[in-house]
Amino acid sequence: MKIGVVTFPGSLDDTDAQRAVRLAGGEPVALWHGDHDLKGVDAVILPGGFSYGDYLRCGAIARFAPVMTEVIAAAGGGMPVLGICNGFQILCESHLLPGALIRNDHRTFICRDQTLTIENASTAWTSDYSVGQQITVPLKNGEGGFVADAATLDRLEGEGQVVFRYVDVNPNGSLRDIAGITNERGNVVGLMPHPEHAVEDLTGPGTDGLGFFTSAVKALTAV
Amino acid sequence: MPRIIVDVMPKPEILDPQGKAVHGALPRLGFNAVTDVRQGKRFELQVEDADEATLAEVHQLAETLLSNPVIEDFWVRVEVDA
């Protein structure tokens, strides 16, 4: 199963995302922001980092990168797409997911091992988890406050589109403790924390993040 | 040559941590008259002609790229150099 990982100018976590895909049994494929080409992949990951220097707004310029035309079209056709941190910001800017990410309410960059509750285990990226399960993965962001108007938040909660919620600590002022969401179809998922940094005991707080990538590999194998 | 100014501000209901940080610094400097600060962005777009078609285009690009309508409002105006 080929899972593409897009590299934008300023992406940081593309290599870790590729590594996570490989550890999950998938074949990572490097995608370039400037190409109108998804190279025949079955799923796409938009990794963390500071695409285009976070100029204008986080993700605002990446959203118009040539590869995003293809990603947006593929997502519309049901292809699994995961946006992590800056990737989540890009998905919101692309309107593939509702809402937006603003600067942390406490105005400082935060880096910690963060516990999340899985609230939707039927997306393409969370089927290897169970509802109510708690996982711990690294979180590192300066602009991770999830905001949307009350009607959108109510709709997200009502339709089961809140996939992850922060536990114990709300690290960035995200409304209703929302850490990540999905679209109506469940193929596009975005979150601020970094599952790709929790796939090996040696280098992270554990392996709780691996399930994202095994979920996608299984979903794609089942097709 | 006319210049089109686009001002972008966080919507009133959206938290503005940057503005809060600036506001927090004022009393330390002895400025006590200011009760709130909101920080936005100003874009200066140089155009050949600020006609209706150009303004319409600027409105569109302000909505598409310069601002995120989920969290920001924008205003467009024309400035002509003396």
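See above for the structure.
Think of each chain on its own: its residues are numbered from 1, step by step along the sequence as written. Working convention: letters from A go to chains and numbers from 1 go to ligands, in the order in which they are written. Given that the model is predicted, a residue must reach a pLDDT of at least 70 before its local features are reported, and side-chain atom pairs must reach 80 or more before they are shown or counted; all residues, however, enter totals for whole chains, interfaces and linings.

Next up on the list: the overall build of chain B. Here a strand is any run of E in DSSP of at least two residues, a helix any run of H or I of at least four, and the numbering for each starts at the N terminus. Counting its secondary structure elements, chain B contains 2 helices and 3 strands. Going from the N terminus to the C terminus, chain B shows its helices and strands as β-α-β-α-β. Every radius of gyration here is taken over C-alpha atoms, with the globule rule written as 2.2 Å times N^0.38, N being the number of residues. Against the compact-globule benchmark of 12 Å for 82 residues, chain B has a radius of gyration of 16 Å, which places it well outside the compact range. Projecting the C-alpha coordinates of chain B onto the three principal axes gives extents of approximately 45 × 35 × 15 Å.

Attention shifts here to the overall build of chain A. Looking only at helices and strands, chain A has 5 helices and 11 strands in total. Taken against the 2.2 N^0.38 rule, which gives 17 Å for 223 residues, the C-alpha radius of gyration of chain A at 15 Å falls within 12% of a compact globule. With the C-alpha coordinates of chain A rotated into their principal frame, the extents come out at 40 × 35 × 35 Å. When burial is assessed residue by residue, chain A has 59% of its 223 residues classed as buried. The long-range share in chain A, meaning contacts at least 24 apart out of those at least 6 apart in sequence, stands at 75%. Burial is judged by counting other C-beta atoms within 10 Å of a residue's own C-beta: 20 or more means buried, 12 or fewer means exposed, and anything between counts as partly exposed, with every C-beta placed from the backbone. Contact between two residues is assigned when their C-beta atoms, built from the backbone, lie within 7 Å.

Each partner contributes residues to the interface: chain B has 9 residues there, and chain A has 13 residues. It is helix α1 (residues 17–25) of chain B that provides the largest number of residues to the side of chain B that touches chain A, a total of 3 residues.

Note on definitions: a nonpolar core is a set of buried residues drawn from Ala, Val, Leu, Ile, Met, Phe, Trp, Tyr and Cys, linked by C-beta atoms within 7 Å. Formed by 72 residues in total, the largest nonpolar core has its most connected members in A:V44, A:V81 and A:A216. For this core, the leading source of residues is helix α5 (residues 210–222) of chain A, giving 6 residues.

Turning next to the sheet that holds strand β1 (residues 3–10) of chain B. All names here are of chain B. Strands sit in the order β2-β1-β3 across an open sheet of 3 strands; the sheet is antiparallel. The outermost strands of the open sheet, each flanked by one partner alone, are β2 (41–46) and β3 (72–79). Put simply, the sheet's adjacent strands are angled 20 degrees from each other on average, direction ignored. In this description, strands pair whenever DSSP reports at least two bridges between them. Across 6 bridges, the pairing between β1 and β2 is antiparallel. Between N-to-C directions, angles span 0 to 180 degrees; the directions come from axes that are lines fitted to C-alpha atoms, helices contributing only their stretch in contact.

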